[in-house]
Amino acid sequence: MGLFSKLKLDVPWGHIAAKAWGSQQGPPVLCLHGWLDNANSFDRLIPLLPKDFHYVAVDFGGHGLSSHYGPGLPYYQQNFVSEVRRVAAALKWDRFSLMGHSFGGLVGGMFSCVFPEMVDKLILLEAAPFAVDSNEMENLLTYKRRAIEHTLLVEASKKPSSVVSWEEMLQRFLQNNSHVSEESGELLLQRGTTPVAGGLVLNRDRRMSWVSAAGLPSHPGLPACLFLVLFSSRASHGYYNVRRENADREHLRFVLAMLKSVLKERFQFVEVPGNHYVHMNQPQHVAGVISAFLQSKDRVPAQL
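Notes on the structure in this doc start here. As the structure is a computational prediction, the values presented were derived from the model and not from experiment.

### What about the overall build of the chain?
So, step 1. When helices and strands are counted, the chain shows nine helices and ten strands.
So, step 2. Buried residues in the chain amount to 53% of all 304 residues.
So, step 3. When contacts within the chain are restricted to residue pairs at least 6 apart in sequence, long-range pairs at least 24 apart make up 76% of them.
So, step 4. Entry remark: accessible area of the chain is about 13,800 Å², with carbon and sulfur atoms responsible for 54%.

### Topic: the pairing of strand S2 (residues 14–21)
So, step 1. Among the eight residues of S2, seven are classified as buried, and the element is accordingly described as predominantly covered.
So, step 2. Where strand S1 (residues 5–11) and S2 come together, seven bridges link them in antiparallel fashion. Its bridge partner lying in S2, Lys 8 is registered against Ala 17.
So, step 3. The antiparallel pairing of S1 with S2 creates a hairpin that spans two residues between the two strands.
So, step 4. Looking at chain direction, S2 and strand S4 (residues 54–58) are connected through four bridges and run antiparallel.

### Let's talk about the packing of aromatic side chains
So, step 1. Under the defined criterion, the tally for this structure stands at 16 aromatic pairs.
So, step 2. On the basis of an interplanar angle of 80° and a centroid distance of 4.9 Å, the ring pair of Trp 35 and Phe 103 is categorised as edge-to-face. A residue pair is termed long-range when its members are at least 10 positions apart, and Trp 35 in the loop between strand S3 (28–32) and S4 and Phe 103 in helix H2 (residues 103–114) qualify at 68 residues.
So, step 3. For Trp 35, a relative accessible area of 4% corresponds to the buried category.
So, step 4. For Phe 103, a relative accessible area of 0% corresponds to the buried category.
So, step 5. Taken together, Trp 13, Trp 35, Phe 60, Tyr 69, Tyr 75, Phe 80 and Phe 103 form an aromatic cluster joined through their ring pairs.

Rules behind the numbers
Residues numbered from 1 in each chain as written. Predicted model: local features only at pLDDT ≥ 70, side-chain atom pairs only at ≥ 80, totals over all residues. Heavy atoms only, no water. Helix = DSSP H or I, 4+ residues; strand = E, 2+ residues; numbered from the N terminus. Buried < 20%, exposed > 50% of the residue type's maximum accessible area, 1.4 Å probe, protein only. Contact = heavy atoms within 4.5 Å. Areas by Shrake-Rupley, 256 points an atom, 1.4 Å probe, with all protein chains shown as cover. Pairing = 2+ DSSP bridges. Phe/Tyr/Trp six-rings, centres within 6.5 Å; stacked < 30°, edge-to-face > 60°.

Shown next, in the form of structure tokens:
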């Protein structure tokens, strides 16, 4: 299933770019990438998944080949949740499964809480289902303040985007993302850059570059769908180190135990060998678990 088709979905501010694998008659699976990544995040994983599903991986607004938000419009998590709903409407999907990596998992989790009747199964890759920070409100206010201040600074700046060679671009990317293999880095940059005179420029909106997914507000409530969470076992190189340096692993275990207690057979947690980008670096480590989960006959009714 190496072949894919290109999609361009109209939205009020431009378009959302996406790529699709498999037959449109198959059960739909929407794939959501991590913060500052793009749809190529799933290029190595999807070919290992069941062939009878229809997979669509999107570029969030301001990422990859998707349009940037207009001047003055901030990139808040709820906006990305709205993007998922717009994509579903454009594809005419009433019910589908979600697979999200890191920040994409947070967005997918929020969407499944807001639109539970639309989500069949939820797969979180290196994404905590809930924030594990006891100072959530303080963090939320700090995040919003910094987001507004940073947007104003970028809008006031007349500095053009840096133009660098492919080699330098890749070297910088790998230095800033030590958990990403060179092959995975090349995949992300293929979709995340544009050739110009003298080299390449990054496609992503510069207004997003200051913040990590950890600074974004989390979602309340419990998803009503079947729920799979996968984390890498090498915590020092995985989610805890990359996205939430101050996360309390014991607190996370408590939250996972609570989810298991409440959701019972609808919840599954699996640890796999690898790091935060295990789905790209060693996709075979997660493909089997995800495949079995997608192919399971268990299904939660649209109305609980």
